[in-house]
Amino acid sequence: MTALTTSLAPARTRSRPRPGLFAAGLFLTLVVVAALVPGLLTSYAPDGIKPAEFFRSPSAEHWFGTDQNGRDVYTRVVYGAGQSLLIGLGATAISLGLGILLGLSAALGGRRVDFAVGRVLEVLFAFPGLLLALLFIAVFGTGAVTAAIAVGIGEAAGYARLIRSQATTVVRSGYVEAARGLGHSPARVVRRTVLPNVLRPLAALATLGIGQSVVWASSLSFLGLGAQPPAAEWGAMLADGRTFLQYAWWTSFFPGLFIVLTTLSTTVLGRRLQAWLDVRSS
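Residues numbered from 1 in each chain as written. Predicted model: local features only at pLDDT ≥ 70, side-chain atom pairs only at ≥ 80, totals over all residues. Heavy atoms only, no water.

**Considerations on the UniProt feature "transmembrane region" (unreviewed entry) in the protein chain**
With numbering matched to this structure, UniProt assigns "transmembrane region" (unreviewed entry) to residues 21-41, 85-108, 120-139, 145-163, 202-227 and 247-270. Counted over residues 85-108, helix gives 100% and strand 0%. Its end C-alpha atoms are 34 Å apart. (UniProt positions renumbered as here; feature names shortened; annotations may be inferred. Helix = DSSP H or I, 4+ residues; strand = E, 2+ residues; numbered from the N terminus.)

**A word on unusual backbone geometry**
The backbone phi angle of F55 is positive, close to 55°, even though this residue is not glycine. Residue position: F55 is located in the loop between α2 (19-36) and α3 (73-108).

**Some details on the packing of aromatic side chains**
Tallied over the entire structure, the rule returns 15 aromatic pairs. Each residue in the set F27, W63, F64, Y74, W234, W249, W250, F253, F254 and F258 is aromatic and connected to the rest through ring pairs, giving one cluster. Sitting over the ring of F115, R119 keeps its end group 4.4 Å from the ring centre. The ring of F222 is capped by R242, whose NZ or CZ atom sits 4.8 Å from the centre of that ring. (Phe/Tyr/Trp six-rings, centres within 6.5 Å; stacked < 30°, edge-to-face > 60°. Lys NZ or Arg CZ within 6 Å of the ring centre and 35° of its normal.)

**A few points about the packing of α3 against helix α9 (residues 202-222)**
Put simply, α3 and α9 touch, their axes get as near as 8 Å, and they point 130° apart. Compared by their axis directions, α3 and α9 come out oblique. By crossing handedness, the relation of α3 to α9 is classed as right-handed. In this structure, α3 contributes S84, I87, G88, L89, A91, T92, L96 and I100 to the contact, and α9 contributes L202, A206, G209, I210, S213, V214 and A217. Here the residues of the contact of α3 with α9 sort into 10 nonpolar, five polar and no charged. (Axes fitted to C-alpha atoms, helices over the stretch in contact; angles between N-to-C directions. Parallel < 35°, antiparallel > 145°, perpendicular 65-115°, else oblique. Left-handed = near helix turned anticlockwise from the far one by under 90°. Contact = heavy atoms within 4.5 Å. Nonpolar A, V, L, I, M, F, W, Y, C, P; charged D, E, K, R; others polar.)

**Concerning the side chain of E233**
Tracing the backbone shows E233 in the loop between α9 and α10 (234-241). One buried charged side chain, E233, makes no salt bridge at all; its nearest oppositely charged neighbour is R76, positioned 8.8 Å away. In this structure the side chain of E233 is engaged in a polar contact, spanning 3.3 Å, whose partner is the side chain of S84. Side-chain polar atoms of E233 contact the side chain of S221, separated by 3.1 Å. If we skip the residues at most four places from it in the chain, E233 touches G80, Q83, S84, A217, S218, S221 and A227. (Buried < 20%, exposed > 50% of the residue type's maximum accessible area, 1.4 Å probe, protein only. Lys, Arg positive; Asp, Glu negative; His and termini not counted. Salt bridge = Lys/Arg side-chain N within 4 Å of Asp/Glu carboxyl O. Polar contact = N/O pair within 3.5 Å; in protein donor to acceptor, adjacent residues only side chain to side chain.)

**Let's talk about α2**
The terminal C-alpha atoms of α2 lie 26 Å apart, and with 18 residues this matches the ideal 26 Å at 1.5 Å per residue to within 8%. Every buried residue of α2 is listed here: A24, F27, L28, V31 and A34. Viewed along the axis of α2, the buried residues span an arc of 115°, placing them on a single side of the element. Across from the buried face of α2, at angles greater than 90 degrees, the exposed residues are P19, F22 and L36. (Expected span 1.5 Å × (residues − 1). Arc of directions from axis to C-beta.)

**Some thoughts on the nonpolar core**
Of all hydrophobic cores here, the largest spans 21 residues; its most connected members are V31, F64, V73, V77, W234, W250 and F258. Within the residue set of this core, elements represented by two or more residues are α2, α3, α10 and α11 (250-281). A per-element tally of this core places α3 first, with six residues. Grouped together as the second largest cluster of nonpolar side chains are 12 residues, L96, A107, Y159 and V171 included. (Core = buried A, V, L, I, M, F, W, Y, C linked by side-chain atoms within 4.5 Å.)

In structure tokens form, the structure reads like this:
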């Protein structure tokens with residue numbers, strides 16, 4: 001009986017309800033729907049100015065209230081999901097691409113390439129990521145696209161260091177030596193053996209990185225360096241409503257709430273994905 005109970009314990013653990021994971025998945029699903037088909041969630045226009053309805057508090061007609069121009073805050077939050085999520089995904093894709101390029105080059109390119117990449121990473125790590133993004137924007141100008149590229153460059157060094165370490169371990173492993181011993185070409189060894197084992201753990205890191213990229217992009221927009229008004233973007237909405245916090249708190253509260261919830265949700269899913277990958281690899 002004891003052995004049977006012990007053997008059933010992991011199954012019970014795996015099948016127990018996870019309300020936090022469900023809530024995170026449901027919220028991110030709504031954010032994705034808002035980003036792809038915002039008209040499905042609201043009938044208002046994000047830039048519909050109605051001066052007679054300025055600073056209306058949250059109500060049945062305007063769920064999140066209205067701003068100083070009479071625009072529906074809920075509608076702008078819904079439409080802002082597209083901008084914020086697109087910047088987060090774009091920045092994560094850029095940082096992953098640069099990280100993979102630098103990390104694999106260091107691990108597979110020999111001592112000289114490894115030394116050169118190592119020095120580049122040291123320079124990147126010498127600057128805080130947000131400061132590096134600010135320097136990039138100072139040179140190339142403001143805007144949503146520039147913000148995505150800037151955030152991607154700022155986060156690339158961390159990915160590159162992890163990929164370099166992982167790839168170095170994989171290249172020295174027994175199964176890579178076995179693949180070489182079977183006469184496989186270097187390109188096939190990299191494509192069929194090295195890359196799958198290096199990139200698999202990045203799925204969880206990329207999920208976590210999306211939330212961080214959304215926060216960074218919102219921070220840049222809040223400073224006036226990302227998406228520009230009247231764009232419906234969460235960080236820009238935060239900056240737009242900060243002047244009116246004393247008597248119209250909702251203009252900044254709800255965009256800020258969605259930034260926090262998006263970050264928390266991607267963190268929950270990323271950690272769960274990491275735990276699942278760890279179980280599969282063990």
